[in-house]
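Structural features, examined
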Amino acid sequence: STDTVKNRLVDTCEQVLSAFEHSHIPFQKLVDKLLPERDLSSSPIFEVMFAWQNIDFSESENQVEELTQHNNTAKFDLTVISIPQKEGGVELIWEYSTDVFTEETVQEMGFVLNRVLNLMASDSATTVNELPFLSPEEIDRMASPVHTFDLPDYTILDYLEKWASLKPNDQSIQFQTEQYRYG
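What counts as what
- Residues numbered from 1 in each chain as written.
- Predicted model: local features only at pLDDT ≥ 70, side-chain atom pairs only at ≥ 80, totals over all residues.
- Heavy atoms only, no water.
- Patch = residues over 30% accessible without salt bridge, like charges linked within 9 Å, V, L, I, M, F, W, Y side chains within 5 Å.
- Areas by Shrake-Rupley, 256 points an atom, 1.4 Å probe, with all protein chains shown as cover.
- Salt bridge = Lys/Arg side-chain N within 4 Å of Asp/Glu carboxyl O.
- Helix = DSSP H or I, 4+ residues; strand = E, 2+ residues; numbered from the N terminus.
- Buried < 20%, exposed > 50% of the residue type's maximum accessible area, 1.4 Å probe, protein only.
- Pairing = 2+ DSSP bridges.
- Axes fitted to C-alpha atoms, helices over the stretch in contact; angles between N-to-C directions.
- Contact = heavy atoms within 4.5 Å.
- Polar contact = N/O pair within 3.5 Å; in protein donor to acceptor, adjacent residues only side chain to side chain.
- pLDDT = per-residue confidence, 0-100.
- Core = buried A, V, L, I, M, F, W, Y, C linked by side-chain atoms within 4.5 Å.

1. Here's the deal with a nonpolar patch on the surface
A grouping of Tyr-154, Ile-156, Leu-157, Tyr-159, Leu-160 and Trp-163 is seen on the molecular surface, where their side chains present a nonpolar patch of about 650 Å² in accessible area. Checked against the element boundaries, Tyr-154 lands in the loop between α4 (136-143) and α5 (156-166).

Below, the structure written as structure tokens:
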């Protein structure tokens, strides 16, 4: 996008505030009205959630106690919970489906998010397109060959001919009710 970071943040803020106007609508009613295609292996509306926990530290009696709880079940593919810290900054809690993401992938997403947020904070006049999602090291790593290997001395046709000579009575292809064998 050619929008600046500042303009994109203002637009996003307006959309979120507009969405709050409909927060009284029960989730199930929304699902019933939208009739999304249902797949029991995922949430009907979204798979990724970002939650901002707004904590007011202005009252001196407010205390936040950290509770560590692992239920080993992710409700969505990815949930990122942002909790402001009394001394400034935020803590991010990442909950993810291990069927979808590895721990290394989630850690990498955290590094990228941290890098992008720091760049956004340092210059809100930057356009969204100019935000580098990859570090210079990652760009170099992606540009260099990862694997080198020797190509085989045979073609796919050579491979099929060899297979056909070993298993001439096996079915090679089927179209509707017609079946063909290698031999």
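2. Describing the pattern of salt bridges
Throughout the structure, instances matching the rule amount to two salt bridges. For Glu-138, the salt bridge goes to Arg-115, with nearest N and O atoms at 2.9 Å. Here the residue Glu-138 occupies a position in helix α4, and Arg-115 occupies one in helix α3 (residues 103-122), the gap between them amounting to 23 residues. You can call Glu-138 buried: its relative accessible area is 9%. Classification of Arg-115 by relative accessible area gives partly exposed; the value is 22%.

3. Some thoughts on the pairing of strand β3 (residues 90-96)
Examined bridge by bridge, strand β2 (residues 78-84) and β3 share seven bridges and lie antiparallel to one another. Considered in β3, the bridge of Ile-81 is made with Ile-93. Here β2 folds back onto β3, and the loop between the two strands holds five residues, one of which, Gly-88, carries a positive phi near 105°.

4. Considering the sheet that holds β2
Taken in spatial order, the three strands of this open sheet run β1-β2-β3, and their pairing is mixed. The sheet is open, and its two borders are formed by β1 (48-52) and β3, each paired with just one other strand. Averaged over all pairs of adjacent strands, the angle between their axes in this sheet comes to 15°, without regard to strand direction. Where α3 meets the sheet, it contacts β2 and β3, and its direction lies at approximately 150° from that of β3.

5. Some words on unusual backbone geometry
A positive phi angle, near 50°, is found at Leu-35, a position not held by glycine. The residue Gln-176 is not glycine, and still its phi comes out positive at about 50°. Structurally, the position occupied by Gln-176 is in the loop between β4 (171-175) and β5 (178-181). Residue Gln-176 is classed as exposed on the basis of its relative accessible area, which comes to 63%.

6. What about the side chain of Thr-126?
When you line up the elements, Thr-126 lands in the loop between α3 and α4. The exposure class of Thr-126 is buried, given its relative accessible area of 14%. Polar side-chain contacts of Thr-126 include one of 3.0 Å to the side chain of Asp-123. With sequence-adjacent residues up to four places away left out, Thr-126 is seen in contact with Asp-3, Thr-4, Val-5 and Leu-131.

7. With respect to the confidence of the model for the protein
Of the residues in the protein, 89% reach a pLDDT of 70 or more, and the chain-wide mean stands at 83. Model confidence for the protein, summarised as mean pLDDT per element, is weakest for α4 at 84 and strongest for helix α1 (residues 5-20) at 91.

8. Overview of the environment of Pro-168
Here Pro-168 shows up in the loop between α5 and β4. Among the residues examined, Pro-168 registers a relative accessible area of 34% and is labelled partly exposed. Considering only alpha carbons, one finds Pro-168 and Arg-181, 13 residues apart in sequence, at a separation of 6.7 Å.

9. With respect to the pairing of β5
Bridge analysis of β4 against β5 gives four bridges, and the strand direction is antiparallel. The residue of β5 that forms the bridge with Ile-173 is Tyr-180. In sequence, β4 turns back onto β5 through a hairpin of two residues, with Gln-176 there showing a positive phi of about 50°.

10. Details of the nonpolar core
Within soluble globular proteins, side chains that are nonpolar tend to cluster in buried spots. Counting five residues, the largest nonpolar core is built from Val-5, Val-112, Val-116, Met-120 and Leu-131. Top contributing element to this core by residue count: α3, with three residues. Residue contacts for Val-5: discarding those within four places in its chain leaves Met-120, Ser-124, Thr-126, Val-128 and Leu-131.

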